[in-house]
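Each chain, written out:
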Amino acid sequence: MSLHPRQLSEISRIGGRPSLDFVNTIHERHVQPLEDYLCGDQRYVEWAMTAGLLDRSEALRVGELKVFPANLMSEVRHLRHGLYEIFKARALGYAADTAAIDVLDRWVQRGWRASQVVNVGSQIQLVWRADAVDIWLPLKRIALDALEVVRSIPRERIKECASTSGCGWLFLDDTKNNSRRWCSMDTCGTPEKMRRYRGSSKAGS
Ligand SMILES: [Zn+2]
């Protein structure tokens, strides 16, 4: 892992949903050593802000914490790993590992306990309780978003980047003919095509 983590502004969010972008905070999942964008407590809070999982006033309240919970980052990594397993299982059409389902269930329960159904004008909405704003709020939001993704989005739209370089990023394919294969053309699509072209040229020479 780099001693100097990249700037938050350099981190792409191409997943199409917050829960997918959360899983994608591991750079090149299948390559060692991994680069983990969420390399510490403060970094997690800053990333949550840039990802829209904490608004400014929520971040100010969370930022008042002098000491973060000792288990914060292990919980972050645990949920992130579980969601990768669940999204991958959903994309490929097999049953997700029970341990991964359990961790999602635990965070969904925490999310529901922290929210309430209210009238907003003539609309009925689910809102966060006033006392729900804490360091765990981004994970609760991520869990509820992930549940919606696996329940409401056709599984063939959930994809892992097809790059053979070890990318491992997940995204929602919103193309008309469901033809997207890469997290992005710049980082994976074009380099992969170049690799294949060189490979086929060597084979043909
Ligand atoms: Zn990729």
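Residues numbered from 1 in each chain as written. Predicted model: local features only at pLDDT ≥ 70, side-chain atom pairs only at ≥ 80, totals over all residues. Heavy atoms only, no water.

Examining the coordination of the zinc ion
Inference 1: C161 (SG), C167 (SG), C183 (SG) and C188 (SG) make up the full set of protein donors to the zinc ion, lying at 2.3 to 2.4 Å.
Inference 2: In this structure, the zinc ion is surrounded by four donor atoms whose angles at the metal cover 101 to 117°, and the resulting shape is tetrahedral.
Inference 3: Linear spacing of the donor residues for the zinc ion on their chain is C-x5-C-x15-C-x4-C. Within this pair, whereas C167 is found in the loop between strand 5 (158-160) and strand 6 (170-172), its partner C188 is found in helix 7 (residues 185-204), the two being separated by 21 residues in sequence. Like C167, the residue C188 is buried in the burial classification. (Donors = N, O, S within 2.8 Å, 3.2 Å for Na, K, Ca; no water. Tetrahedral: all angles 85-135°; square planar, octahedral: opposite > 155°, others 65-115°. Helix = DSSP H or I, 4+ residues; strand = E, 2+ residues; numbered from the N terminus. Buried < 20%, exposed > 50% of the residue type's maximum accessible area, 1.4 Å probe, protein only.)

Section: helix 5 (residues 98-113)
Inference 1: The end-to-end C-alpha distance of helix 5, which contains 16 residues, comes to 22 Å, matching closely the 22 Å that a straight helix rising 1.5 Å per residue would cover.
Inference 2: For helix 5, the complete set of buried residues consists of A100, V103, L104, W107, V108 and G111. Taken end-on, helix 5 shows its buried residues confined to a sector of 135°, consistent with a single buried face. What points out from helix 5, more than 90 degrees from its buried face, is the exposed set T98 and R113.
Inference 3: Capping the start of helix 5, D97 holds a side-chain oxygen 3.2 Å from the backbone nitrogen of A99, two or three residues further along. (Expected span 1.5 Å × (residues − 1). Arc of directions from axis to C-beta. Polar contact = N/O pair within 3.5 Å; in protein donor to acceptor, adjacent residues only side chain to side chain.)

Focus on the nonpolar core
Inference 1: Within the largest apolar cluster, 54 residues are counted, with the highest numbers of intra-cluster contacts made by F22, L83, F87 and L139.
Inference 2: At the level of secondary structure, the elements contributing two or more residues to this core comprise helix 1 (18-23), helix 2 (41-50), helix 3 (56-63), helix 4 (72-92), helix 5, helix 6 (137-152) and strand 6.
Inference 3: Not counting residues up to four positions away in its chain, the partners in contact with L139 are F22, Y44, E75, V76, L79 and W107. (Core = buried A, V, L, I, M, F, W, Y, C linked by side-chain atoms within 4.5 Å. Contact = heavy atoms within 4.5 Å.)

Section: the environment of R29
Inference 1: Within the secondary structure, R29 is located in the loop between strand 1 (26-27) and strand 2 (35-36).
Inference 2: Taking the C-alpha atoms as reference points, R29 and G166, separated by 137 residues in sequence, lie 6.2 Å from one another.
Inference 3: Excluding residues that lie within four positions of it along the chain, R29 makes contacts with V23, L34, Y84, G166, C167 and G168.

Quick word on the pattern of salt bridges
Inference 1: Summed over all chains, the structure comprises eight salt bridges.
Inference 2: The salt bridge partner of R6 is E35, with a shortest N-O separation of 2.8 Å. With R6 in the segment before helix 1 and E35 in strand 2, this residue pair connects regions lying 29 residues apart in the sequence.
Inference 3: Look at E35 and you get buried, because its relative accessible area is 17%.
Inference 4: Of the charged contacts in the structure, one is a salt bridge between D36 and R80, with a shortest N-O distance of 2.7 Å. Here the residue D36 occupies a position in strand 2, and R80 occupies one in helix 4, the gap between them amounting to 44 residues.
Inference 5: Overall, the relative accessible area of 11% leaves D36 in the buried class.
Inference 6: Classification of R80 by relative accessible area gives buried; the value is 3%.
Inference 7: Connected via shared salt-bridge partners are R17, D145 and E148. (Salt bridge = Lys/Arg side-chain N within 4 Å of Asp/Glu carboxyl O.)

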